[in-house]
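# Secondary and tertiary structure notes
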Amino acid sequence: GENVEQHPSTLSVQEGDSAVIKCTYSDSASNYFPWYKQELGKRPQLIIDIRSNVGEKKDQRIAVTLNKTAKHFSLHITETQPEDSAVYFCAASYSSNTGKLIFGQGTTLQVKP
Amino acid sequence: NAGVTQTPKFQVLKTGQSMTLQCAQDMNHNSMYWYRQDPGMGLRLIYYSASEGTTDKGEVPNGYNVSRLNKREFSLRLESAAPSQTSVYFCASSRTESPLGNTIYFGEGSWLTVV
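Read on for a plain summary of the structure. Please read all numbers here as calculations on a predicted model, not as lab measurements. (Residues numbered from 1 in each chain as written. Chains lettered and ligands numbered in written order. Predicted model: local features only at pLDDT ≥ 70, side-chain atom pairs only at ≥ 80, totals over all residues. Heavy atoms only, no water.)

Moving on, we come to the pairing of strand β5 (residues 45-51) of chain A. Residue and element names in this part refer to chain A. Where strand β4 (residues 32-38) meets β5, 6 bridges bridge the pair, whose relative direction is antiparallel. Within β5, the position partnered with F33 by the bridge is I50. Between the antiparallel neighbours β4 and β5 lie 6 residues, among them G41 with a positive phi of about 75°. (Pairing = 2+ DSSP bridges. Helix = DSSP H or I, 4+ residues; strand = E, 2+ residues; numbered from the N terminus.)

Attention now moves to empty space enclosed by the protein. All names here are of chain A. Scanning the entire structure with this criterion turns up 1 cavity of 30 Å³ or more. Each pocket or cavity is described by its volume, and for the largest cavity that value is around 30 Å³. If you trace the largest cavity, you find it lined by E2, N3, Y25, S26, D27, S30, A92, S93, Y94 and I102. Residues belonging to the lining of the largest cavity are distributed by class as follows: 4 nonpolar, 4 polar and 2 charged. (1 Å grid on protein atoms, 1.4 Å probe; cavity = no way out; pocket = protein on both sides within 12 Å on 5 of 7 lines; lining within 4 Å. Points joined across faces, edges and corners; volume = space filled by probe spheres on them. Nonpolar A, V, L, I, M, F, W, Y, C, P; charged D, E, K, R; others polar.)

Let's shift gears to the pattern of salt bridges. If the charged atoms of two oppositely charged side chains come close together, the side chains can form a pair. Using the criterion set out here, one finds 7 salt bridges over all chains in the structure. Two residues, B:E108 and A:R43, come together in a salt bridge whose shortest N-O distance is 3.2 Å. Of this pair, B:E108 sits in the loop between β10 (105-106) and β11 (110-114) while A:R43 sits in the loop between β4 and β5, on two different chains. Residue classification places B:E108 among the partly exposed positions, given a relative accessible area of 44%. Residue B:E79 pairs with B:R77 through a salt bridge whose shortest N-O separation is 3.2 Å. Residue class for B:E79 comes out partly exposed when judged on its relative accessible area of 40%. (Salt bridge = Lys/Arg side-chain N within 4 Å of Asp/Glu carboxyl O. Buried < 20%, exposed > 50% of the residue type's maximum accessible area, 1.4 Å probe, protein only.)

All right, on to the sheet that holds strand β1 (residues 4-7) of chain A then. All names here are of chain A. The strand order across the open sheet formed by 5 strands is β1-β3-β8-β7-β6, and the pairing between neighbours is antiparallel. In the strand order of this sheet, the two ends are held by β1 and β6 (56-59), each with one partner. Adjacent strand axes in the sheet meet at a mean angle of 15° when their direction is disregarded. Where β1 and strand β3 (residues 19-25) come together, 4 bridges link them in antiparallel fashion. Paired with V4 across the bridge in β3 is Y25. (Axes fitted to C-alpha atoms, helices over the stretch in contact; angles between N-to-C directions.)

Residues and elements named next belong to chain A. Tallied over the entire structure, the rule returns 2 disulfides over all chains. Disulfide pairing places C23 opposite C90 at an S-S distance of 1.9 Å. Looking along the S-S bond of the C23-C90 disulfide, the torsion reads about -100°, which is the left-handed sense. Here C23, found in strand β3, pairs with C90, found in strand β9 (residues 86-93); they are 67 residues apart in sequence, far enough to count as distant. Neither C23 nor C90 differs from the other in exposure class; each is buried. (Disulfide = S-S within 2.5 Å.)

Turning our attention to the interface of chain B and chain A. Counting from both sides, the interface comprises 25 residues of chain B and, opposite them, 25 residues of chain A. Surface buried jointly by chain B and chain A totals about 2,000 Å² across both partners, of which 58% is contributed by carbon and sulfur atoms. For the pair chain B and chain A, the interface holds 1 salt bridge. Elements with a contribution of two residues or more to the side of chain B that touches chain A: β4 (31-37) and β5 (43-49) of chain B. Grouping the constituent residues of the side of chain B that touches chain A by class yields 13 nonpolar, 8 polar and 4 charged. (Contact = heavy atoms within 4.5 Å. Buried area = accessible area lost by both parts, 1.4 Å probe.)

This part covers the layout of surface pockets. Estimated volume of the largest pocket: approximately 410 Å³. As for the largest pocket, its lining consists of 23 residues, of which A:Q38, A:L40, A:V87, A:F89 and B:Q37 are closest to the centre. For the lining of the largest pocket, the elements supplying multiple residues, two or more each, are β9 and β11 (107-112) of chain A together with β9 (87-94) of chain B. With 3 residues, β9(A) is the single largest residue contributor to the lining of the largest pocket.

Read these as geometric descriptors, not functional statements.
The structure is reproduced here in structure tokens:
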């Protein structure tokens, strides 16, 4: 069945450094790839997303890249700040015509001041 | 505009008891979802409703039932709770069923413990 693998499970960086989280997906029909940030005890919130017809998307300090051939996509956070500390989830649409998402296992990012 | 509201926020159940998690959205969204979140396993889809009057199974539907009461409300029922259902439950909604540029908004979560 559909599967999304996310790595690493934990990531610790110094403030100001970059952080990269990677995901791979199994369903070649997936065409939508959002990233969610979840702070402790809070709800997941969308931070950026990318469609399958786009290779890269940036929004200030965050960017997402997509390689459809290899079926993997990555989240890049530059100039990390302590408030970036959270759990990050990647997700992929189940197929090309549904809003259902399958999520990765999550990455706990710690940004040390 | 409260977004997605779910109740209760915390609940402790005994094995075998039943309960219903309530969810309502005020964004006039067509699609609604129930996810569960367990440590190290991300969010897993239990059931979803693409539109009013329809429901379908997700990844982990066993032990659960759902009701799409109307366009606003989507409830999740545990008929006979088991310790394996101890989890954080998130209700979510999106404007349409189409995934493209269709943000899924989550409720605040319901922490359920089954003892």
